[in-house]
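# Architecture and fold: a report
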Amino acid sequence: MLIRRIFNTPAAYRDPFAELDRMRREMDMLTGNLFRPPGQQVFSAGVFPAVNLTEDKDNYYLRAELPGVTADALDIQATGKSIAISGERTFAPESDKAKYHRREREAGRFSRIMELPGDIDSEKVSAGLASGILTITILKSEVAKPRQISIK
């Protein structure tokens with residue numbers, strides 16, 4: 001009671017930051033969590049494959065997670081400095097009477113284009129699919145390969 005009289009505040013305590021928290025939640029919904037720090041992004045389930053791209057002296061290696069996708073449902077194209085992967089993931093249809101409690105697995109068409117750090121030889125690209133992992137081996141062009149320079 002004494003504090004209320006001295007600082008002229010209402011009897012019920014109100015959090016001064018409650019309105020700011022509400023506005024932040026609404027902005028997060030509008031922006032789709034674009035401004036969250038790394039590691040706190042909320043990604044929705046989708047059909048785009050997760051990809052790792054590595055390299056060694058002669059090749060680039062692209063590995064994509066494609067569970068449930070068959071080799072004949074994939075299309076891979078190599079040009080200049082990029083690799084394009086597209087295809088379709090399908091699942092057996094559920095019963096018409098099925099009631100979903102959670103649905104995170106998606107089916108449908110996907111397409112992903114990966115820019116590579118250097119030029120590639122598009123004639124020498126090989127791909128393999130095993131255990132749901134697509135592995136593409138991409139030979140670097142002679143221009144992109146590091147050269148050993150000898151000192152005279």
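Criteria and thresholds
Residues numbered from 1 in each chain as written. Predicted model: local features only at pLDDT ≥ 70, side-chain atom pairs only at ≥ 80, totals over all residues. Heavy atoms only, no water. Helix = DSSP H or I, 4+ residues; strand = E, 2+ residues; numbered from the N terminus. Buried < 20%, exposed > 50% of the residue type's maximum accessible area, 1.4 Å probe, protein only. Contact = heavy atoms within 4.5 Å. Salt bridge = Lys/Arg side-chain N within 4 Å of Asp/Glu carboxyl O. Pairing = 2+ DSSP bridges. Patch = residues over 30% accessible without salt bridge, like charges linked within 9 Å, V, L, I, M, F, W, Y side chains within 5 Å. Areas by Shrake-Rupley, 256 points an atom, 1.4 Å probe, with all protein chains shown as cover. Axes fitted to C-alpha atoms, helices over the stretch in contact; angles between N-to-C directions.

This paragraph deals with the overall build of the protein. Within the protein, the secondary structure is distributed over two helices and seven strands. Mapped from its N terminus to its C terminus, the protein presents α and β elements in the order α-α-β-β-β-β-β-β-β. Expressed as a percentage of its 152 residues, the buried residues of the protein come to 21%. In the protein, 55% of the contacts between residues at least 6 apart in sequence involve partners at least 24 apart.

Okay, the pattern of salt bridges next. Once their charged atoms are close, side chains differing in charge can pair, the charge on each being opposite to the other. Scanning all chains against the criterion turns up four salt bridges. Glutamate 26 is the partner of arginine 22 in a salt bridge, and the nearest nitrogen-oxygen pair spans 2.5 Å. Of this pair, arginine 22 and glutamate 26 both sit in helix 2 (residues 18-31), four residues apart, which is roughly one turn of the helix. The exposure class assigned to glutamate 26 is partly exposed, which follows from its relative accessible area of 38%. A salt bridge links glutamate 55 to lysine 140, with the nearest nitrogen and oxygen atoms 2.5 Å apart. On the criterion of sequence distance, the pair formed by glutamate 55 in strand 1 (residues 51-55) and lysine 140 in strand 7 (residues 133-140) is long-range, its members being 85 residues apart. The network of salt bridges with common partners includes Glu19, Arg22 and Glu26.

Sheet faces and side chains relate simply in a regular strand, where the side chains alternate between the two faces. Across six bridges, the pairing between strand 3 (residues 74-79) and strand 4 (residues 82-89) is antiparallel. When the bridges of strand 4 are listed, isoleucine 76 appears paired with isoleucine 85. A loop of two residues connects strand 3 with strand 4, the two strands running antiparallel in sequence, and glycine 80 in this loop sits at a positive phi of about 40°.

Turning our eyes to something else, we now look at a nonpolar patch on the surface. Nonpolar side chains collect at one region of the surface, where Phe17, Leu20 and Met23 lie side by side and expose about 310 Å² of accessible area between them. Looking at the element boundaries, methionine 23 is found in helix 2. Residue methionine 23 is classed as partly exposed on the basis of its relative accessible area of 40%.

Here we come to the side chain of serine 86. The topology assignment puts serine 86 in strand 4. Discounting residues that sit within four places of it in the chain, serine 86 has contacts with Ala73, Leu74, Asp75, Phe110 and Ser111.

Glancing now at the sheet that holds strand 5 (residues 108-115). Strand order in the open sheet made by the three strands is 3-4-5, with antiparallel pairing throughout. The open sheet terminates on both sides in strands that have one partner only, identified here as strand 3 and strand 5. If you compare each strand with its neighbour and ignore which way they point, the axes differ by 10° on average.

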